[in-house]
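Structure at a glance
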Amino acid sequence: MRYEFRITGRLSAVVGDAFPELEKESVPEQTLLFGNVTDDAHLYGLLVRFQDLGLPVLEMRRLPE
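Here's what I pulled together on the structure shown here.

So, how was this worked out
Residues numbered from 1 in each chain as written. Predicted model: local features only at pLDDT ≥ 70, side-chain atom pairs only at ≥ 80, totals over all residues. Heavy atoms only, no water. Helix = DSSP H or I, 4+ residues; strand = E, 2+ residues; numbered from the N terminus. Rg over C-alpha atoms; globule rule 2.2 N^0.38 Å. Areas by Shrake-Rupley, 256 points an atom, 1.4 Å probe, with all protein chains shown as cover. Phe/Tyr/Trp six-rings, centres within 6.5 Å; stacked < 30°, edge-to-face > 60°. Buried < 20%, exposed > 50% of the residue type's maximum accessible area, 1.4 Å probe, protein only. Salt bridge = Lys/Arg side-chain N within 4 Å of Asp/Glu carboxyl O.

In this section: the overall build of the protein chain. Helix and strand counts for the protein chain come out as 2 helices and 4 strands. A globule of 65 residues ought to have a C-alpha radius of gyration of about 11 Å, and the protein chain, at 11 Å, matches this closely. Each of the three principal axes of the protein chain carries a C-alpha extent, and together these read 25 × 25 × 20 Å. Accessible surface, the protein chain as shown: approximately 4,100 Å² in total, 53% of it carbon and sulfur.

Here you go:
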């Protein structure tokens, strides 16, 4: 399953390194992270990581295969 997460602001390189399994793309005032999510545990783990780093997730969506 591929997912996309839309985050407010731009991620620093250090914070971006906390998500090595996701690709990153900066757009005006937001960052898109996307990639494969292996299962529900991985998905919830990513959401916990976003929360622990204080990153507000504006949007999360499953991408077509």
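So much for the structure itself; the text now carries on.
Moving on: the packing of aromatic side chains. Applying the stated rule across the entire model yields 3 aromatic pairs. On the basis of an interplanar angle of 50 degrees and a centroid distance of 5.2 Å, the ring pair of Phe 5 and Phe 50 is categorised as tilted. Taken together, the residues Phe 5 in strand E1 (residues 2-8) and Phe 50 in helix H2 (residues 40-52) connect sequence positions 45 residues apart. When sorted by exposure, Phe 5 lands in the same class as Phe 50, which is buried. What makes Phe 50 buried here is its relative accessible area of 0%. Through a chain of ring-to-ring contacts, three or more aromatic side chains come together here, namely Tyr 3, Phe 5, Phe 19 and Phe 50.

Let us now look at the pattern of salt bridges. One pass over the structure, following the stated rule, counts 4 salt bridges. Measuring nitrogen to oxygen at the nearest pair gives 4.0 Å for the salt bridge that ties Arg 6 to Glu 4. Given a relative accessible area of 9%, Glu 4 falls into the buried group. Across the pair Glu 4 and Arg 61 runs a salt bridge, and its minimum N-O distance is 3.2 Å. With a gap of 57 residues between them, Glu 4 in strand E1 and Arg 61 in strand E4 (residues 57-63) connect regions that are remote in the sequence. On the accessibility criterion, Arg 61 (39% relative accessible area) is partly exposed. Look at the salt bridges and you will find they share partners, linking Glu 4, Arg 6, Glu 59 and Arg 61 into a network.

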